[in-house]
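Residue-level listing of the chains:
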Amino acid sequence: MRLETEIERRVMAGTEDVRREAEESIQQILEKVEREAEEAARARAEDQIRVEADRIRIQAQKREERVREATEDEIKASVGKARREAQAAADEVAPSWLRGGESKASTAGYRTF
């Protein structure tokens, strides 16, 4: 009887040791899987952030280029308008002999040297 009790006690202790070792092993595996999953998720997130940042940067560059082109067009239009207004004002105050249908490069019959 005593021997049976001792065997039972040892079997139970062995079973407890096996259970504890199994739980520790499972816990280590779970921690490893969690760590790997977290690393993979972080890598994917970083890739997505990088892609989104590149997309935003490219959009900003395109927007900047459109603004520059629009500004340049506006400047050219303003210069053209100012030129036309200046020409109209000059035509209004110019002497009649200069306003004639002659070419602006004409020397009005004067000889130049």
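What you are looking at is a predicted structure, and each value in this text was computed from that prediction instead of being measured.

Draft legend 1. Structural view of the overall build of the protein chain. Helices and strands together make up the secondary structure of the protein chain, namely two helices and zero strands. When each of the 113 residues of the protein chain is scored for burial, the buried share is 2%. Put simply, the protein chain shows about 10800 Å² of open surface, and 55% of that area lies on carbon and sulfur atoms.

Draft legend 2. The arrangement of a negative patch on the surface in detail. Taken together, Glu-65, Glu-69, Glu-72 and Asp-73 make up a surface patch of like negative charges. Checked against the element boundaries, Glu-69 lands in helix 1 (residues 2-93). Given a relative accessible area of 43%, Glu-69 falls into the partly exposed group.

Draft legend 3. Spatial organisation of the pattern of salt bridges. In total, this model carries ten salt bridges according to the counting rule given. Of the charged contacts, one joins Lys-81 and Glu-85 as a salt bridge, the two residues approaching to 4.0 Å between their closest N and O atoms. Here the residue Lys-81 and the residue Glu-85 both occupy positions in helix 1, the gap between them amounting to four residues, near one helical turn. Of the residues examined, Glu-85 reaches a relative accessible area of 48% and is grouped as partly exposed. Each member of the salt-bridge network shares a partner with another, and the members are Asp-17, Arg-20 and Glu-24.

Draft legend 4. Region of the structure containing a nonpolar patch on the surface. A surface patch of nonpolar side chains, about 300 Å² in accessible area, is lined by Leu-3, Ile-7 and Val-11. Note that Leu-3 resides in helix 1. By relative accessible area, Leu-3 is classed as exposed at 63%.

Calculation notes
- Residues numbered from 1 in each chain as written.
- Predicted model: local features only at pLDDT ≥ 70, side-chain atom pairs only at ≥ 80, totals over all residues.
- Heavy atoms only, no water.
- Helix = DSSP H or I, 4+ residues; strand = E, 2+ residues; numbered from the N terminus.
- Buried < 20%, exposed > 50% of the residue type's maximum accessible area, 1.4 Å probe, protein only.
- Areas by Shrake-Rupley, 256 points an atom, 1.4 Å probe, with all protein chains shown as cover.
- Patch = residues over 30% accessible without salt bridge, like charges linked within 9 Å, V, L, I, M, F, W, Y side chains within 5 Å.
- Salt bridge = Lys/Arg side-chain N within 4 Å of Asp/Glu carboxyl O.
- Lys, Arg positive; Asp, Glu negative; His and termini not counted.
- Charge placed at Lys NZ, Arg CZ, Asp CG, Glu CD.

These figures come from the coordinates and say nothing about function on their own.
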